[in-house]
Amino acid sequence: MIKKVLLIVMDGLGDRPVEVLGGKTPLEAANTPNFDALVKKSQCGLMYTLGRGKRPGSDTAHLSILGYPIQEYYNGRGPIEAAGVGIKLKAGDVAFRGNFGTVDSSWNCIDRRAGRITNVAPFAKALDGTIIDGVEFIVKPGSAYRAGVVMRGVGLSANVSDADSHNAGDNIHAVVPKDNTKEAKHTANVLNKFMKYSYEVLDKLPENKKLEEQGKLKANFLLLRGAGKFVTLPKFSQKWGFKNAACIAGGGLYKGIGAFLGMDLINVNGANAQVNTNLEGKFNAAINALNEYDFVFLHIKPTDSLAEDGKPIEKREFIEKIDKYISLLNKVDNETLIVITADHSTACELKAHTADSVPVMFYCNGIRNDNITKFGERDFAKGSLGILEGKDIMPNILNIMGKLPIIGA
């Protein structure tokens, strides 16, 4: 009988055929003997996380997979990102997802990720605690170029536009209210003052002078998006009938999703959401966590980042690196269900998320396995699960565990 679940999400795993890989996707081109061994004993299929023709963000995709319909539970990425960097939100707070990026003197965006800078702690510290018109700005570093940002004060609204160009080359415009309330107007006004102040502070920081001398991009602007207000969501374990749940991730957003849903966060040394992340440590931590928790969520980020940088060969190589540690799952007992999937596809040639489907597989003792031998998008199209949506994952898990409520008499 299945008593525990290990959910592994490889961010942006799905892709499109790439010429340099012989018309295969990075996943199809990868040498994955350990994944393939699991596939042979699994139920397989494809998943449109939010439904066909809907292009998922990582936040909305994960909420959907974990059983929280975004129409009911999504309140912007900001609160999730803030939770992921350890900010305890209070009623009335407005939170944002932040990127430390590079702009010129006219605020034309040169790079939204400041050359994928890997440590933004000194830049966040320079802005943390800023007070403008009675509003305090809490700024904490996330993984790599990311940050969690919270506005704390009276009369704030999350109904404001993004302070983010969204594309390199665009000019960063003033934040505007999305409604006519005094709260939205006040929030937009304070944000515009904060943007001006943050540019003036960051551009002159000694750390940026050093970067400039090294021929690297400055982290001289804080791009803000995904405004959201503090909300309380039902705990994952209570919602789905588990004793407890744990999250293992390197990126702030994914830690934030775990924290937001009441999961315990398990920190792993060297787990940083970058290509050199400690995969072995994360897999071992997940396996060990199953001794205490009956649901463990393990997130792996670089498959997405490499695709966003247009690096199909490196994405293939990283998938092969993950495969090396998949063999560690042999330590998992036969009372555990292993679910392996992705939150969305990220196409190397577009350097962006797409609405394409992603592979999903369920592996456990006694599963009605498919006659599939290779871990890949087109191979999984032949699987018995057919086409799923993110909302189908948790019910399928409960069904395999024998916990799904009966409909009718």
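Residues numbered from 1 in each chain as written. Predicted model: local features only at pLDDT ≥ 70, side-chain atom pairs only at ≥ 80, totals over all residues. Heavy atoms only, no water.

In terms of regular secondary structure, the protein is built from 15 helices and 16 strands. Its C-alpha atoms give the protein a radius of gyration of 22 Å, within 12% of the compact-globule value 22 Å for 409 residues. Structurally, the protein occupies a C-alpha span of about 60 × 55 × 40 Å along its principal axes. Counting only residues that meet the buried cut, the protein has 56% of its 409 residues in that class. Summarising the internal contacts of the protein: among those between residues at least 6 apart in sequence, 73% fall at separations of at least 24. Accessible area for the protein stands at about 16,900 Å²; split by element, carbon and sulfur atoms hold 48% of it. (Helix = DSSP H or I, 4+ residues; strand = E, 2+ residues; numbered from the N terminus. Rg over C-alpha atoms; globule rule 2.2 N^0.38 Å. Buried < 20%, exposed > 50% of the residue type's maximum accessible area, 1.4 Å probe, protein only. Contact = heavy atoms within 4.5 Å. Areas by Shrake-Rupley, 256 points an atom, 1.4 Å probe, with all protein chains shown as cover.)

A few words on the pairing of strand S2 (residues 42-48). For a regular strand, the rule is simple: side chains alternate between the two faces of the sheet. By the criterion of burial, S2 is predominantly enclosed, with seven of the seven residues buried. Neither face of S2 is open: one carries Ser42, Cys44, Leu46 and Tyr48, the other Gln43, Gly45 and Met47, and all of them are buried. By the bridge criterion, six bridges tie S2 to strand S15 (residues 358-363) in an arrangement that is antiparallel. Each bridged residue has a counterpart across the sheet, and for Ser42 the counterpart in S15 is Tyr363. Across four bridges, the pairing between S2 and strand S16 (residues 386-389) is parallel. Across the sheet, the residue bridging to Leu46 is Ile387, located in S16. (Pairing = 2+ DSSP bridges.)

Attention shifts here to the nonpolar core. Counting residues in hydrophobic clusters, the biggest one holds 83 residues, and the most contacted among them are Phe236, Phe283, Phe295 and Ile397. Core analysis: the next-biggest nonpolar cluster, separate from the first, contains 40 residues, Trp107, Tyr145, Met151 and Leu205 among them. (Core = buried A, V, L, I, M, F, W, Y, C linked by side-chain atoms within 4.5 Å.)

Under the definition given, this model contains 21 salt bridges. Put simply, Asp11 and Lys301 hold a salt bridge, and the shortest N to O gap is 4.0 Å. Taken together, the residues span a long stretch of sequence, with Asp11 in the loop between strand S1 (4-10) and helix H1 (26-29) and Lys301 in the loop between strand S11 (295-300) and helix H12 (302-308) at a distance of 290 residues. The exposure class of Asp11 is buried, given its relative accessible area of 0%. (Salt bridge = Lys/Arg side-chain N within 4 Å of Asp/Glu carboxyl O.)

For the rest of this paragraph, the subject is the side chain of Asp323. Within the secondary structure, Asp323 sits in helix H13 (residues 312-326). The buried charged residue Asp323 lacks any salt bridge, with Lys374 as its nearest oppositely charged partner at 8.0 Å. If near-sequence neighbours (up to four positions away) are discounted, Asp323 is found in contact with Asn31, Thr32, Pro33, Asn34 and Phe35. (Lys, Arg positive; Asp, Glu negative; His and termini not counted.)

Mapping Glu349 onto the fold places it in the loop between strand S13 (345-347) and strand S14 (352-354). In the structure, Glu349 is positioned 332 residues away from Pro17 in sequence and 9.0 Å away in space, judged by C-alpha atoms. In this view, Glu349 contacts Pro17, Val18 and Glu19; residues no more than four positions away in its chain are not counted.

Quick look at the packing of helix H3 (residues 58-65) against helix H10 (residues 252-260) now. When two helices pack together, their arrangement is given by the angle between their axes and by how far apart the axes lie. One way to put it is that H3 packs onto H10 with a least axis distance of 11 Å and a crossing angle of 35°. The handedness of the crossing between H3 and H10 is right-handed. Within the contact between the two elements, H3 uses Ser58, Asp59 and His62 and H10 uses Leu253, Tyr254 and Ile257. Tallied by class, the residues present in the contact of H3 with H10 amount to three nonpolar, two polar and one charged. (Axes fitted to C-alpha atoms, helices over the stretch in contact; angles between N-to-C directions. Left-handed = near helix turned anticlockwise from the far one by under 90°. Nonpolar A, V, L, I, M, F, W, Y, C, P; charged D, E, K, R; others polar.)

Before going further, it helps to examine unusual backbone geometry. Positive phi values are uncommon outside glycine, yet Trp107 reaches one of about 65°. Its place among the elements puts Trp107 in the loop between strand S3 (94-103) and strand S4 (109-111). For Lys351, which is not a glycine, the phi torsion comes out positive at approximately 55°.

Remark: helix H5 (residues 77-84) packs on H10, axes separated minimally by 6 Å, with the N-to-C direction vectors making an angle of 95°. One way to sum up the angle between H5 and H10 is to call them roughly perpendicular. Each of Arg77, Pro79, Ile80, Glu81, Ala83 and Gly84 in H5 lies in contact with H10, whose residues at this interface are Gly252, Leu253, Lys255, Gly256, Ile257, Ala259 and Phe260. (Parallel < 35°, antiparallel > 145°, perpendicular 65-115°, else oblique.)

Before going further, it helps to examine helix H15 (residues 393-401). Turning to H15, its buried residues are Ile393, Met394, Ile397, Leu398 and Met401. Within H15, the buried residues cover an arc of 135° as seen down the axis, which keeps them to one side. Trailing H15 by a residue or two, Gly402 shows a phi angle of about 75°, which is positive. (Arc of directions from axis to C-beta.)

None of the figures reported here should be taken as evidence of function without further support.
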